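A structural walkthrough
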Amino acid sequence: MPVDVDAAVVTNRRLPGDYNVIAFDAAAIAGSARPGQFVMIKTSRGLDPLLRRPFSIFELLRDRNGVPTGISIFNKQVGAGTSMLAEIEPGARLQILGPLGRPFEPVGPPAAAWMIAGGVGLAPFVTLAEALAARRTRSRLFYGARRAEELHCIELFESLGVEIVLATEDGTRGAHGRITVPLEAALRERPLGEPVKLYVCGPTPMMRACGALSYTHGRACDVSLEQVMGCGLGGCYSCVVPARSRDGGPPHHTRTCIDGPVFDAQRVVWESVSAH
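Residues numbered from 1 in each chain as written. Predicted model: local features only at pLDDT ≥ 70, side-chain atom pairs only at ≥ 80, totals over all residues. Heavy atoms only, no water.

What follows covers the pattern of salt bridges. On inspection of all chains with the given rule, the structure shows 13 salt bridges. Here Glu105 makes a salt bridge to Arg34, at a shortest N to O gap of 3.0 Å. Of this pair, Glu105 sits in the loop between β7 (93–100) and β8 (112–118) while Arg34 sits in the loop between α1 (27–30) and β3 (38–41), placing them 71 residues apart in sequence. By relative accessible area, which is 39% here, Glu105 ends up partly exposed. Here Arg34 falls in the partly exposed class, since its relative accessible area comes to 41%. (Salt bridge = Lys/Arg side-chain N within 4 Å of Asp/Glu carboxyl O. Helix = DSSP H or I, 4+ residues; strand = E, 2+ residues; numbered from the N terminus. Buried < 20%, exposed > 50% of the residue type's maximum accessible area, 1.4 Å probe, protein only.)

This is the structure:
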């Protein structure tokens, strides 16, 4: 069950490109969080902004004995709430509700796991990479951004033994172009007899393209949708997306905060999902 905690900011690490990583003292949330889940954060102590903002849990913080003590989030300034978080100082306290949502299900050997991230879509993958490493699952991160300055925290994945594949749209680091280019090449090279599952988060067009590639190449693919949410508990219906039923029935509108944010890519009716 999610808990609502008054969490202290431990650190706020500024990164290039309007990004930052904020660590919170939130043991009650960290202790039950699973890969791909999210939290709802009240970004100020006042009434402006009124609603909380959803953030994927970026890291699970632990003490020297491995006991969970808190979480971090991967933030990018795009509006009033995220700009407030960019400037927040250690010692400040914010209300955080979580963990919330349907998590990723990490595969185990002999399957391999490929994580595909675009921009701030990197956020749910550190916890997934840790879970994969604990299962000794071979993993690879395909990480794309507009320019090299917007590729962040790669060292967290390298420390977990994740193979890294990078791409930038301006060609300043890694492959030149979108991350789907090296992904498609890798899918073509991998025999169908070698199982691999895809996990994707990022801009909607990227997730849609990855879903199409996974279907073409006969691979399972889960996506983590980044919908606007007002409550995170299913009460406001602000995060509905059209999705096909798990039993093969007709598409229906479902709440991302409850049925997701993780969905089988083939369930999502991409033509009706708002781009972001």
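Further remarks concern helix α5 (residues 180–189). Three- or four-residue spacings in an α-helix give side chains the same orientation, since the helix completes a turn every 3.6 residues. Of all the residues in α5, the buried ones are Thr180, Pro182, Leu183, Ala186 and Leu187. For α5, the arc enclosing every buried residue in end-on projection is 160 degrees, short of the 170-degree limit, so these residues lie on one face. Among the exposed residues of α5, those pointing more than 90 degrees away from its buried face are Val181, Arg188 and Glu189. On its buried face, α5 is in contact with β8, β9 (139–145), β10 (163–168), β11 (175–176), β12 (196–201) and α6 (204–216). (Arc of directions from axis to C-beta. Contact = heavy atoms within 4.5 Å.)

It is worth spelling out the sheet that holds β7 at this point. Pairing in this open sheet of seven strands is antiparallel, and the strands run β4-β3-β7-β1-β2-β6-β5 from one edge to the other. The sheet is open, and its two edges are formed by β4 (53–56) and β5 (59–62), each paired on a single side. Averaged over all neighbouring strand pairs, the angle between strand axes comes to 40 degrees, with direction disregarded. Judged from the three bridges that link them, β3 and β7 form a sheet pairing that is antiparallel. Across the sheet, residue Ile41 finds its bridge partner in β7, namely Ile96. (Pairing = 2+ DSSP bridges. Axes fitted to C-alpha atoms, helices over the stretch in contact; angles between N-to-C directions.)

Tracing the backbone shows Val240 in strand β14 (residues 240–243). For the pair formed by Val240 and His253, sequence separation is 13 residues and the distance between their alpha carbons is 5.8 Å. Setting aside anything within four residues of it in sequence, one finds Val240 in contact with His253, Thr254 and Arg255.

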